[in-house]
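Breakdown of the fold
Below, each chain spelled out in residue letters.
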Amino acid sequence: RTDGRTEKEEEEEVAPRREPVKGSAGARRARAQGGRSPSSRRRTMGAAGLLWAALWAALWALLLPLVAAAEGILHASGSGVPPVTKDYCIIYNSNWVSLPKTLDNATYRTLENLTSTVLCSSAEVPSGLMKDKAVVVMKGNCTFLEKARIAQSLGAKMLLIASKSRLSAISDNKTDFEDVTLPIALIRYNDIVDMQLVLGNEVNVTLYSPPLPEFDYSMVVIFLIAVFTVALGGYWSGVAELENLKAVASPGERETRWKKEENVTFTPVTVILFVVICCVMLVLLYFFYKWLVYVIISVFCLASAMSLYNCLSALIGQIPFGQCRITCSNKTIEVRLIFLAIFCIAAAVVWAVFRNEDRWAWILQDILGVAFCLNFIKTLKMPNFKSCVILLGLLLLYDVFFVFITPFITKNGASIMVEVAAGPFGNSEKSDGNLVEVPTERSAPHEKLPVVIRVPRLEHSASTLCDLPFSLLGFGDIIVPGLLVAYCRRFDVQTRSSSVYYISCTIGKL
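Cut-offs and rules
Residues numbered from 1 in each chain as written. Predicted model: local features only at pLDDT ≥ 70, side-chain atom pairs only at ≥ 80, totals over all residues. Heavy atoms only, no water. Helix = DSSP H or I, 4+ residues; strand = E, 2+ residues; numbered from the N terminus. Buried < 20%, exposed > 50% of the residue type's maximum accessible area, 1.4 Å probe, protein only. Pairing = 2+ DSSP bridges. Patch = residues over 30% accessible without salt bridge, like charges linked within 9 Å, V, L, I, M, F, W, Y side chains within 5 Å. Areas by Shrake-Rupley, 256 points an atom, 1.4 Å probe, with all protein chains shown as cover. Salt bridge = Lys/Arg side-chain N within 4 Å of Asp/Glu carboxyl O. Core = buried A, V, L, I, M, F, W, Y, C linked by side-chain atoms within 4.5 Å. Contact = heavy atoms within 4.5 Å. Phe/Tyr/Trp six-rings, centres within 6.5 Å; stacked < 30°, edge-to-face > 60°. Lys NZ or Arg CZ within 6 Å of the ring centre and 35° of its normal. Disulfide = S-S within 2.5 Å. Axes fitted to C-alpha atoms, helices over the stretch in contact; angles between N-to-C directions. Parallel < 35°, antiparallel > 145°, perpendicular 65-115°, else oblique. Left-handed = near helix turned anticlockwise from the far one by under 90°. Nonpolar A, V, L, I, M, F, W, Y, C, P; charged D, E, K, R; others polar. pLDDT = per-residue confidence, 0-100. Right-handed = clockwise from strand over helix to strand, strands pointing away.

1. Focus on the overall build of the protein chain
Along its length, the protein chain carries 16 helices and 13 strands. The 510 residues of the protein chain split such that 40% are buried.

2. As for the pairing of strand β10 (residues 331–334)
The pairing of strand β9 (residues 325–328) with β10 spans four bridges and is classified as antiparallel. Bridge pairing in β10 places C328 opposite K331. Two successive antiparallel strands, β9 and β10, enclose a turn made up of two residues, where S329 displays a positive phi of approximately 55°.

3. Topic: a nonpolar patch on the surface
Together, F215, Y217, V220, V221, F223, L224, L458, I503, I507 and L510 make up a nonpolar patch on the protein surface, roughly 950 Å² of accessible area in all. Those elements giving two or more residues to the nonpolar patch turn out to be α6 (218–249) and α16 (500–509). Sort the elements by how many residues they give to the nonpolar patch and α6 lands first, with four residues. Tracing the backbone shows L510 in the segment after α16. Given a relative accessible area of 56%, L510 falls into the exposed group.

4. Examining the nonpolar core
Core analysis: the largest hydrophobic core is formed by 60 residues, its most contacted members being W351 and M382. Of all the elements, helix α9 (residues 289–316) adds the most residues to this core, at eleven residues. In this structure, M382 is in contact with F266, V271, S387, C388, L391, L483, Y487 and R490, ignoring residues within four places of it in sequence.

5. Digging into the packing of aromatic side chains
Taken as a whole, this structure holds eleven aromatic pairs when the rule is applied. Ring centres of F491 and Y501 lie 5.1 Å apart, and the angle between their planes is 85°; this geometry places the pair in the edge-to-face category. Within this pair, whereas F491 is found in helix α15 (residues 476–495), its partner Y501 is found in helix α16, the two being separated by ten residues in sequence. Grouped by ring-pair contacts, the aromatic residues F300, W351, F372, F376 and F475 constitute a single cluster. Lying over the aromatic face of Y189, K164 brings its terminal NZ or CZ to 4.9 Å of the ring centre. Looking at R489, its charged tip hangs above the ring of Y502, at a distance of 5.6 Å from the centre.

6. Structural notes on the side chain of T406
Within the secondary structure, T406 sits in the loop between α12 (385–405) and α13 (416–422). Non-local contacts of T406, meaning those with residues more than four positions away in its chain, are made with F401, A414, S415 and I416.

7. Observations regarding the state of the cysteines
Summed over all chains, the structure comprises one disulfide. Between the sulfur atoms of C120 and its disulfide mate C142 the distance is 2.1 Å. Note on the C120 and C142 pair: the S-S dihedral is about -90°, so by sign convention the disulfide is left-handed. A residue pair is termed long-range when its members are at least 10 positions apart, and C120 in the loop between β3 (109–114) and β4 (134–138) and C142 in the loop between β4 and α4 (144–153) qualify at 22 residues.

8. Quick word on the packing of α15 against α16
Interaxial distance between α15 and α16 falls to 7 Å at its minimum, and their mutual angle equals 160°. In terms of axis orientation, α15 runs roughly antiparallel to α16. Between α15 and α16 lies a crossing whose hand is right-handed. On α16, the residues that touch D477, P481, L484, V485, C488, R489, F491 and D492 of α15 are V500, Y501, Y502, C505, T506 and K509. Across the contact of α15 with α16, the residue classes tally to nine nonpolar, one polar and four charged.

9. Structural notes on the confidence of the model for the protein chain
Put simply, the protein chain has an average pLDDT of 78, and 79% of its residues get 70 or more. In this model, residues 14–35 is a region of pLDDT below 50 whose contacts with residues beyond four sequence positions or in other chains number 15 contacts. Long-range and interchain partners of residues 425–445, a stretch whose pLDDT sits below 50, account for 51 contacts in this model, where long-range means more than four residues apart.

10. Here's the deal with the pairing of β4
Judged by how many residues are buried, β4 sits mostly within the fold: five of five residues are covered. Where burial is concerned, the two faces of β4 agree: the one with A134, V136 and M138 and the one with V135 and V137 are both buried. Pairing analysis gives five bridges linking β4 to strand β5 (residues 158–163), with the strands arranged parallel. Its bridge partner lying in β5, V135 is registered against L159. The handedness of the β4 to β5 crossover, carried by α4, is right-handed.

11. Remarks on unusual backbone geometry
Glycine aside, negative phi is the norm for most residues, and most peptide bonds take the trans geometry. For L119, which is not glycine, the phi torsion reads 55° and is therefore positive. Summarising the element assignment, L119 is placed in the loop between β3 and β4. Looking at L119, the relative accessible area reads 0%, which means it is buried. The phi angle at D132 is positive, at roughly 60°, despite the residue not being glycine. Structurally, the position occupied by D132 is in the loop between β3 and β4.

12. Topic: the side chain of E241
Of note, E241 is situated in helix α6. You can call E241 buried: its relative accessible area is 7%.

13. Focus on the packing of helix α11 (residues 361–379) against α15
Direction vectors running N to C along α11 and α15 enclose 40°, while the axes themselves pass 9 Å from each other. In terms of crossing hand, the pair formed by α11 and α15 is right-handed. Along its contact with α11, which presents F372, C373, F376 and I377, the element α15 presents I478, I479, G482, L483 and A486. The residue makeup of the contact of α11 with α15, split by class, is eight nonpolar, one polar and no charged.

14. A few points about the environment of V403
Its place among the elements puts V403 in helix α12. Residue V403 is classed as partly exposed on the basis of its relative accessible area, which comes to 24%. Measuring from C-alpha to C-alpha, the distance between V403 and A414 comes to 8.9 Å, with eleven residues separating the pair along the chain. Those residues in contact with V403 that lie beyond four places of it in its chain are S415 and M417.

Laid out in structure tokens, this is it:
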């Protein structure tokens, strides 16, 4: 034998493997090596492979129907001089029609408003009324392609189907309607009403679908705001900690400093209680959003006004001018702080009144939001690293559960976190077959929770009209890492290190 193996070793290699008998030495060795025999481990690995294959198949099954759901823009132009124009969101089937990417190659059609009919019969419309026009009819009673066939036979060049409910992707059996070449698009009924109010009764429309921007530059602004807030909040917390240490070393300043101290320390028990309250509040908002949203708005106005005052008063305190004081009830206060308080309250009131004005109210909301986050990070203290780990771990479970697990629990398959953050949708229609719902219009209430940083999307696209026109970042995504950065900054101050933990943690936030 040239391979150096004995006959016994070769027989053991060739002989088929057998399961160890229960109670035998082989079984005891299998239990000692992990409790499972080699064959059972192979079966487990095979089952895991089948499970992964099933998950991928389910993922593709969910994604494939979405291919046909495309978003586009209806460009409407009035008859005035100069003509007033406005864009509206549409949903179309990209497998049925290909829209131009720019307005340069688009063809305008005169819009005929027939929203008084559903166009399920050619007898509903007078002969010749649709000739060479774009027609808008109501959704319902028959399929999209049946409406399109009737409109095409009557000479229409474009069919818009108005929906009073949540927009959904256009899907139908095209096999029996190969002769239908008419462009079909779904549009909000409210947009048709707005079109008449803004542009008048004589409107020319065209459809196009600009390509999606390769990069959303508004996210850069969001990123810079978040990093700035976290870094500044952590630094401010370190400054407050340094002042506390100086006050402890100076008995004369200790009592004065303790009176001004407004910090709240989170113990592990307090952390758990805080997360439980967050869970309960989120569930209550999901079920009672219509009423509780106004409570949150009121609390935000009060808290943001106080936070803005604390932030600006810390800056004003460093200015050695204008320190005249007045005495009231044996207490003295600086006049400039009175004007500062009036300004902060006015800022919060102005936002509350004009909060739904999308053109500029987002700037005021972001300023108040940044002040709120800064004051929260500075005021809330984590006493030790164990509290930080407990808080971040529980909030991770909180996010995973309410974002990814709750869709399997709710009746409509929606994520509780997403529904509350973006505002709940109204009752949507049941979808059959490959009809896929696309998040577009929300029903009342239109109020949104003000606990986000908002920046308008800088690129013009169909997604800006059909989805959210703003990029959003929740306060929690700023405050939670900010608390860890603030803890590291206070640790640097207490240990007199060269800000190594603060800088490292801030870079980690990036």
